[in-house]
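# Architecture at a glance
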Amino acid sequence: MVNFTIDQVRRMMDVKTNIRNMSVIAHVDHGKTTLTDSLVGAAGIIAQQKVGQTCYTQTRQDEIDRGITIKSTAISIILKTKICNVFTIALFNSF
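Report on the accompanying structure. (Residues numbered from 1 in each chain as written. Predicted model: local features only at pLDDT ≥ 70, side-chain atom pairs only at ≥ 80, totals over all residues. Heavy atoms only, no water.)

## A closer look at the overall build of the protein
From N to C terminus, the protein includes 3 helices and 3 strands. Burial status across the protein gives 31% buried among its 95 residues. For the protein, contacts bridging at least 24 residues in sequence account for 46% of all contacts bridging at least 6. Taken as a whole, the protein presents about 6500 Å² of accessible surface, with 56% of it coming from carbon and sulfur. (Helix = DSSP H or I, 4+ residues; strand = E, 2+ residues; numbered from the N terminus. Buried < 20%, exposed > 50% of the residue type's maximum accessible area, 1.4 Å probe, protein only. Contact = heavy atoms within 4.5 Å. Areas by Shrake-Rupley, 256 points an atom, 1.4 Å probe, with all protein chains shown as cover.)

So, in structure tokens, the structure goes:
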């Protein structure tokens, strides 16, 4: 699991050319949460074994009970690629 200090995250977010905004919008049961979990897993926030099962953006009790994301959820993740720099991704998961 990747751990960053607040100062490290702030320094990364100051590099505006490395920030990517992304929105996941689709109908119910079309894989938005699974895609989001995959990106969160790639960033090291959740274990790869839990990708697709964690439902990281389902934070409300009614979402957990129904197994669907009802309200949009914004998260920031840090991805480092082998061919590019470190990217900060602002991700919005919305139904």
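## Quick look at the side chain of D37
With respect to the helices and strands, the residue D37 is situated in helix α2 (residues 32–42). The charged side chain of D37 is buried without a salt bridge, its nearest counter-charge being K50 at 11 Å. Here D37 is in contact with I46, V51, G52, Q53, T54, C55 and Y56, once residues within four sequence places are set aside. (Lys, Arg positive; Asp, Glu negative; His and termini not counted. Salt bridge = Lys/Arg side-chain N within 4 Å of Asp/Glu carboxyl O.)

## Comments concerning the layout of surface pockets
When its volume is computed, the largest pocket comes out at roughly 180 Å³. In this structure, the largest pocket is lined by 13 residues; those nearest its centre are D29, T33, G67, I68 and T69. When grouped by side-chain class, the residues that make up the lining of the largest pocket number 4 nonpolar, 7 polar and 2 charged. (1 Å grid on protein atoms, 1.4 Å probe; cavity = no way out; pocket = protein on both sides within 12 Å on 5 of 7 lines; lining within 4 Å. Points joined across faces, edges and corners; volume = space filled by probe spheres on them. Nonpolar A, V, L, I, M, F, W, Y, C, P; charged D, E, K, R; others polar.)

## Some remarks on unusual backbone geometry
Look at C55: it is not a glycine, yet its phi comes out positive at around 55°. Secondary-structure assignment places C55 in the loop between α2 and α3 (61–66). The class of C55 is partly exposed, set by a relative accessible area of 24%.

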